[in-house]
Amino acid sequence: MTTIEINREPVELYKILKFEGLVGTGGEAKLVIDEGLVKVNGKVELRRRNKIKSGDVIEFMETEYTVVLNEAA
């Protein structure tokens, strides 16, 4: 499982996909969410602006990512 560090919470789901380089653009992030290709905490997530916080697990392209708050950043 891979770790994604965020420096504030919550962060919108589509922004995490974009800024972590899992997709090329924000539009692509919204598209993969709309198509049901992203899971959050084991459930398909269709809300682009779902608020992600530390401890959440995002699954995309058969890879799981644990979100961790980096308070030092």
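All chains use their own residue numbering, which begins from 1 and follows the written sequence. Thresholds applied to this predicted model are a pLDDT of at least 70 for local features of residues and 80 or more for the giving and counting of side-chain atom pairs; totals over whole chains, interfaces and linings are not thresholded and use all residues. Only hydrogens and water are set aside; all other atoms, that is, all heavy atoms of the structure, feed into the side-chain values.

Take helix α2 (residues 26-34) next. Accessibility here uses a 1.4 Å probe with only protein chains present; expressed as a share of the type maximum, an area under 20% marks a residue as buried, one over 50% as exposed, and anything in between as partly exposed. Numbered from the N terminus, helices here are DSSP runs of H or I no shorter than four residues, and strands are runs of E no shorter than two. For α2, the full list of buried residues reads Gly26, Ala29, Val32 and Ile33. One side of α2 carries all its buried residues, which in axial view fall inside an arc of 125°. A contact between two residues is defined here by any heavy atoms of the two lying within 4.5 Å. Lining the buried residues of α2 we find α1 (13-19), β3 (38-40) and β6 (57-60). Residue Gly36 follows α2 closely and has a positive phi angle near 75°. The arc in question is the one spanned by the directions pointing from the helix axis to the C-beta atoms.

Position of Arg8 relative to the elements: it lies in the loop between β1 (2-6) and β2 (11-12). Measuring from C-alpha to C-alpha, the distance between Arg8 and Gly42 comes to 23 Å, with 34 residues separating the pair along the chain.

Moving on, we get to the sheet that holds β3. Here we have five strands laid out as an open sheet, ordered β1-β7-β6-β3-β4, and mixed in their pairing. Of all strands in the sheet, those bounded by a partner on one side alone are β1 and β4 (43-44). Two strands pair under a simple rule: DSSP has to find at least two bridges between them. In the sheet, β3 pairs with β4 via two bridges, with the strands oriented antiparallel. Each bridged residue has a counterpart across the sheet, and for Lys39 the counterpart in β4 is Val44.

By nonpolar core is meant a set of buried Ala, Val, Leu, Ile, Met, Phe, Trp, Tyr and Cys residues that side-chain atoms within 4.5 Å join together. In terms of nonpolar packing, the biggest core is built from 18 residues, with Leu13, Ile16, Leu17, Val38, Ile52 and Ile58 touching the most fellow members. Those elements that place two or more of their residues in this core are β1, α1, α2, β3, β6 and β7 (63-69).

Another point: the pairing of β7. Relative to β7, β1 runs parallel, the two sharing five bridges. When the sheet's bridge partners are listed, Thr3 is paired in β7 with Thr66. Where β6 meets β7, four bridges bridge the pair, whose relative direction is antiparallel. Residue Glu59 lies in a different strand from β7, and its bridge partner there is Glu64.

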